[in-house]
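Remarks on the overall topology
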Amino acid sequence: MPSLRHYLSSLTLGLSLSLSALAAPLGIGSPAPSLTLEDQNGRSVSVLQSTQILIFAADKAASDLANEVLGNEKDGVLNRLNAVYLADISSMPALVTKMFALPAMRGLPFPIGLAKEASVLAELPRQKSAVTVIRMANGKIEGVDHAKDMSQLKQMLGLH
């Protein structure tokens, strides 16, 4: 006869799997995410109802691409685009984040909302090594694209 501990473990696993299925990636027509994260300088970065573009880097390759494209633009590029840039750094070891990544990011001329826990950005659509560009209007997602190179990302952001 199964023990109470076994039963509770099974129940917890089942609920976890059910909840993770509910956290499917956002898509066209979904409500725009309402998020506030801390950036590389300790300031708040928020996705608001008025935000038109959400730039999301789910891994290092995507982050490097976004940083290169945005870093080659004039200061204030995110404000001009009415955009917010978020990055998932949850898989980065804490020591690497503190000693190397954050100091390097502090030199960038734009804020990056940093997710230190994967669950915070779990519902954002992603592709390996690609920057996700989510277009939003009136509190809803209107489009989702993925850029794998500088040319694609510049085109998606309207940068020439």
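On a predicted model such as this, the values are computed, not experimentally measured, just so you know.

Structural notes on the overall build of the protein
- Counting its secondary structure elements, the protein contains five helices and seven strands.
- Each helix (α) and strand (β) of the protein, taken in turn from the N terminus, gives the series α-β-β-β-α-α-β-α-β-β-β-α.
- Taking all 160 residues of the protein together, 37% fall into the buried category.
- Pairs at least 24 residues apart make up 70% of the contacts formed inside the protein by residues separated by at least 6 positions.

A word on the nonpolar core
- Core analysis: the biggest nonpolar cluster contains 27 residues, and Ile55, Leu70, Leu78, Tyr85, Val131, Leu153 and Leu157 have the highest contact counts within it.
- Elements with a minimum of two residues in this core: strand S3 (53-57), helix H2 (60-71), helix H3 (77-81), strand S4 (83-88), helix H4 (94-106), strand S6 (131-137) and helix H5 (150-157).
- The element that contributes the greatest number of residues to this core is H2, accounting for five residues.
- Not counting chain neighbours up to four residues away, the residues in contact with Leu153 comprise Leu65, Ala66, Val69, Val131, Val133 and Ala147.

Brief notes about H2
- With twelve residues, H2 extends 16 Å from end C-alpha to end C-alpha; this agrees with the ideal 16 Å at 1.5 Å per step.
- Residues Ala62, Ser63, Leu65, Ala66, Asn67, Val69 and Leu70 constitute the buried set of H2.
- Looking at where H2 begins, the residue whose side-chain oxygen comes 3.4 Å from the main-chain nitrogen of Ala61 is Asp59.

What about the environment of His146?
- By the secondary structure assignment, His146 is in strand S7 (residues 140-147).
- Residues His146 and Lys128, spaced 18 residues apart in sequence, show a C-alpha to C-alpha distance of 9.5 Å.
- Beyond its immediate chain neighbours, meaning those up to four positions away, His146 contacts Pro125, Arg126, Gln127, Ala130, Val131, Thr132, Gln152 and Met156.
- Within the structure, the side chain of His146 is placed 3.2 Å from the side chain of Thr132, a separation counted as a polar contact.

Observations regarding H4
- Taken as a whole, H4 carries its principal kink of about 35° at Phe100; the proline Pro103 stands between one and four residues after it.
- Where H4 is buried, its residues contact strand S5 (113-115).

Cut-off values and rules
- Residues numbered from 1 in each chain as written.
- Predicted model: local features only at pLDDT ≥ 70, side-chain atom pairs only at ≥ 80, totals over all residues.
- Heavy atoms only, no water.
- Helix = DSSP H or I, 4+ residues; strand = E, 2+ residues; numbered from the N terminus.
- Buried < 20%, exposed > 50% of the residue type's maximum accessible area, 1.4 Å probe, protein only.
- Contact = heavy atoms within 4.5 Å.
- Core = buried A, V, L, I, M, F, W, Y, C linked by side-chain atoms within 4.5 Å.
- Expected span 1.5 Å × (residues − 1).
- Polar contact = N/O pair within 3.5 Å; in protein donor to acceptor, adjacent residues only side chain to side chain.
- Bend = angle between axes of the 7 residues up to and from the residue.

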